[in-house]
Amino acid sequence: MMKGFSSGIVIIAVAVLAAFGGWWYWTQDGMVLLGDETATTGTTTPATGESASGGTSSPGGATDGSQTGGTSSGGGTAPAGSGVDGIVADIENSGSAEASQANSENGTESATQLNSSLNNQTIYGQ
Amino acid sequence: MVSKILASTVAFAALLVAVPVSAQTPPNASSFCTNIDATASQIQTRMGEVSAKITEFKATRNTTRSERWSGQEAKLSAARGNGDTKRAEGYVKLDAKATTDAQKAAVATFKNTVEVAVTTRKAAVDAAIAAYRTGVDAALATHTAALDSADAAFEASVNTALEQAKSDCAAGVDPATVRTTLTSSIKSARDTFQAARKENTLKGTRESLAATRKAAVDTAIANFKASVESAKTDLKAAFEVE
């Protein structure tokens, strides 16, 4: 009698938990997972080409002489270096490879190998 | 009869073992003085091998250094060529943008200023490299001199020990004592030689020279950029006034 009573309590408890879980699942992101895409599309980031700050892009080619350098944003911007600032920046950086090359010269004339060879050279009695 | 055969077999076996063992045993102390000249000759030959290694090292090092520096110069020249090309491309773009006389004049001034700055930069980089190489050469010369000196001291010490050994043998000193003394003297000379070579290192000097070179090159680049930035101000002003 008692055994049947306990089993009934367990079954009821499992059923309550399952019902609660289903409700929670449904009210949280269950809707999304089940295909209501409007829940995500409304929060996606702007598509490519849109400015995050509301469309202040300034294509380089159209603003020669007044471009403020590196402030253009989003799609539709001109290639780097097409404005005066960009061109001058390219010229300014044209010496970086020279500097890297100049600093890359390091000698390897160490005597490590010689010393090792001499240390192993037998003279007498070793 | 059987015992005789057995005894002969044992004796033969013992002989087979004893002959190779005796052949591997170094000359015992009693024969040391008898063979002192041969020993001395062998030691001289080995010291000659040491000197030969050092000579070869010096020659190889000089060749390697020269080849590396030549390679570096070629790479530096190529890097500069690329830089010149990029700069020329920039000038073409600026020329294309300059439509008024004022703008064209501003571009011409900008180009002149930049070219002067480039010449200054290249000269500064060349000077930095030259200073580095001069320093490396001096360090190598010092290192070589110290190496030669250590080798000469080593040879002198060993020769002195050999002469002493010969003298002791001639004087009738116990050959075992002579041999022990010679071995000890040569070990001492060898340890001194080894310590001298260990202390004689280029590492710190080279790093210091490279750091100095880097600082000079960085300064040259910074000065160049500052010149270009300054020239850019006038250039932009010309383009902003329509």
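The coordinates are above.
Let me begin by describing the structure that accompanies this report. (Residues numbered from 1 in each chain as written. Chains lettered and ligands numbered in written order. Predicted model: local features only at pLDDT ≥ 70, side-chain atom pairs only at ≥ 80, totals over all residues. Heavy atoms only, no water.)

**Remarks on helix α4 (residues 96-103) of chain A**
Formally: Residue burial is assigned from relative accessible area. The probe radius is 1.4 Å, only protein chains are included, and a residue is buried under 20% of its type maximum, exposed over 50%, and partly exposed in between. Numbering of helices and strands starts at the N terminus; helices are DSSP runs of H or I of at least 4 residues and strands are runs of E of at least 2. Working rule for contacts: check all heavy atoms of both residues, and any pair within 4.5 Å makes them a contact.
The complete set of buried residues in α4 of chain A reads Glu-98, Ala-99, Gln-101, Ala-102 and Asn-103 of chain A. Packing partners of the buried residues in α4 of chain A comprise α3 (36-97), α4 (101-170) and α6 (203-240) of chain B.

**Quick word on the nonpolar core**
Going by this rule: Think of a nonpolar core as a cluster: buried Ala, Val, Leu, Ile, Met, Phe, Trp, Tyr and Cys residues, connected wherever their side-chain atoms sit within 4.5 Å.
Residues Ile-123 of chain A together with Phe-32, Ile-43, Val-158 and Leu-182 of chain B are the most contacted members of the largest nonpolar core, which totals 27 residues. At the level of secondary structure, the elements contributing two or more residues to this core comprise α5 (112-119) of chain A together with α3, α4 and α5 (175-199) of chain B. Of all the elements, α4 of chain B adds the most residues to this core, at eight residues. Setting aside chain neighbours within four positions, we find Ile-123 of chain A in contact with Ile-43, Arg-46, Met-47, Val-50, Phe-154, Ile-186 and Arg-190 of chain B. Residues Ala-98, Val-228, Ala-238 and Phe-239 of chain B belong to the second largest nonpolar core, which totals 19 residues.

**Observations concerning the environment of Ile-129 of chain B**
Here Ile-129 of chain B is to be found in helix α4. When its relative accessible area of 10% is taken as the criterion, Ile-129 of chain B is described as buried. Spatially, the C-alpha atoms of Ile-129 of chain B and Thr-212 of chain B are 9.8 Å apart, while their sequence positions differ by 83 residues. Apart from residues no more than four positions distant in its own chain, Ile-129 of chain B is found in contact with Ala-102 and Glu-105 of chain A together with Leu-76 and Arg-213 of chain B.

**Focus: the packing of aromatic side chains**
Residues and elements named next belong to chain B. Our working rule: Note on aromatic pairs: the rings of Phe, Tyr and Trp (six-membered ring only in Trp) are paired at centre separations within 6.5 Å, and the planes decide the class, stacked below 30 degrees, edge-to-face beyond 60, tilted for the rest. Placement of a charge over a ring requires the Lys NZ or Arg CZ to be within 6 Å of the ring centre, with the centre-to-atom vector within 35 degrees of the ring normal.
Tallied over the full model, the rule gives one aromatic pair over all chains. Their ring planes at 15° and their centres at 4.8 Å tell us that Phe-154 and Phe-193 sit as a pair that is stacked. You can see Phe-154 sitting in helix α4 and its partner Phe-193 sitting in helix α5, a full 39 residues away along the chain. The residue whose ring lies beneath Arg-65 is Trp-69, and the NZ or CZ to ring-centre distance is 5.2 Å. Note that Arg-197 overlies the ring of Phe-193, its terminal NZ or CZ placed 4.3 Å from the centroid.

**Re the pattern of salt bridges**
The condition that has to hold: For salt bridges, the criterion is a side-chain nitrogen of Lys or Arg within 4 Å of an Asp or Glu carboxyl oxygen.
For the structure on display, the rule yields 17 salt bridges over all chains. Across the pair Asp-191 of chain B and Lys-187 of chain B runs a salt bridge whose closest N-O atoms are separated by 2.9 Å. A residue pair is termed a helical-turn pair when its members lie 3 or 4 positions apart in one helix, as Asp-191 of chain B and Lys-187 of chain B do in helix α5 at four residues. For Asp-191 of chain B, a relative accessible area of 35% puts it in the partly exposed group. The partly exposed category is assigned to Lys-187 of chain B, whose relative accessible area is 49%. What you see here is one network of salt bridges that share partners, running through Asp-85 of chain A together with Glu-229, Lys-232 and Lys-236 of chain B.

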